[in-house]
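Structural features, examined
Read off the chains here:
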Amino acid sequence: MESNRPLYEQVILEHNKSPRNFRTIPDATQKVNGYNPLCGDQLTIYAKMDGDRIDDISFQGCGCAISKSSASLMTTLLKGKTRKEAEELFVKFHTMVTSAPDAPVDKGDLGKLMVFSGVREFPVRIKCATLAWHTMLSLLDKKTEPVSTE
Ligand code: ZN
């Protein structure tokens, strides 16, 4: 963890300060609200689907640096991906953040998402990191009811 800390902080703080795809999509085909009562994170994920492909994805809302930067990075990674690819990335990300703090992380699969491996040492933060992802998964399932991490 110590050796990861500068990168962890840099990427997360940067995405928190200048979140990517932080906007609404006026002609979104789907939108879902996500809420993490434990921390107070609240966000809405918007997507414009082209069949099974994510043509555009964005988010709005407010929350801590972890939840916001996780949503920001997620949208940059999922734009243009198919539903299946998005679900596969969800599984990889979720497996990583819920693994033991000292478990090895497959860097090749996760790329920048690696920075969130630091949350494994702070169980309360795992829900912040996964909120956008759970909300996205619900959106892909064409659900409309709000997602809560509780
Ligand atoms: Zn949070």
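Before reading on, note that the structure itself is shown above.
Throughout what follows, the structure given in this document is the object of discussion. (Residues numbered from 1 in each chain as written. Predicted model: local features only at pLDDT ≥ 70, side-chain atom pairs only at ≥ 80, totals over all residues. Heavy atoms only, no water.)

**Focus: the coordination of the zinc ion**
Binding of the zinc ion to the protein goes through Cys39 (SG), Asp41 (OD), Asp41 (OD), Cys64 (SG) and Cys128 (SG), at separations of 2.2 to 2.6 Å. Summarised as a motif, the one-chain spacing of the donors to the zinc ion is C-x1-D-x22-C-x63-C. Of this pair, Cys39 sits in the loop between strand 1 (30-36) and strand 2 (41-50) while Cys64 sits in the loop between strand 3 (53-62) and helix 2 (65-78), and the two are 25 residues apart along the sequence. What makes Cys39 partly exposed here is its relative accessible area of 37%. (Donors = N, O, S within 2.8 Å, 3.2 Å for Na, K, Ca; no water. Helix = DSSP H or I, 4+ residues; strand = E, 2+ residues; numbered from the N terminus. Buried < 20%, exposed > 50% of the residue type's maximum accessible area, 1.4 Å probe, protein only.)

**Here we look at the sheet that holds strand 2**
One open sheet holds the four strands; their spatial order is 3-2-1-4, and the pairing between them is mixed. A strand with exactly one partner marks an edge of an open sheet, and here the two such strands are strand 3 and strand 4 (147-148). Taken together, the nine bridges between strand 2 and strand 3 define a ladder with antiparallel strand orientation. Following the sheet pairing, Asp50 is matched in strand 3 by Arg53. Helix 2 rests against strand 2 and strand 3 of the sheet, and its axis sits at about 165° to strand 3. (Pairing = 2+ DSSP bridges. Contact = heavy atoms within 4.5 Å. Axes fitted to C-alpha atoms, helices over the stretch in contact; angles between N-to-C directions.)

**So, helix 5 (residues 123-140)**
For helix 5, which comprises 18 residues, the first-to-last C-alpha distance of 26 Å matches the rise-based estimate of 26 Å (1.5 Å per residue) to within 8%. Its axis deflected by about 45° at Thr130, helix 5 carries its strongest bend there. Of all the residues in helix 5, the buried ones are Ile126, Cys128, Ala129, Thr130, Leu131, Ala132, Trp133, Thr135, Met136, Ser138, Leu139 and Leu140. Among the structural elements, strand 1, strand 2, strand 3, helix 2, helix 3 (83-97) and strand 4 are those in contact with the buried residues of helix 5. (Expected span 1.5 Å × (residues − 1). Bend = angle between axes of the 7 residues up to and from the residue.)

**Some remarks on the side chain of Asp56**
With respect to the element layout, Asp56 can be found in strand 3. The buried category is assigned to Asp56, whose relative accessible area is 15%. Within polar-contact distance, the side chain of Asp56 engages the side chain of Arg23 at 3.0 Å. Residues in contact with Asp56, not counting those within four places in the same chain, are Arg23, Ile25, Tyr46, Ala47, Lys48 and Lys79. (Polar contact = N/O pair within 3.5 Å; in protein donor to acceptor, adjacent residues only side chain to side chain.)

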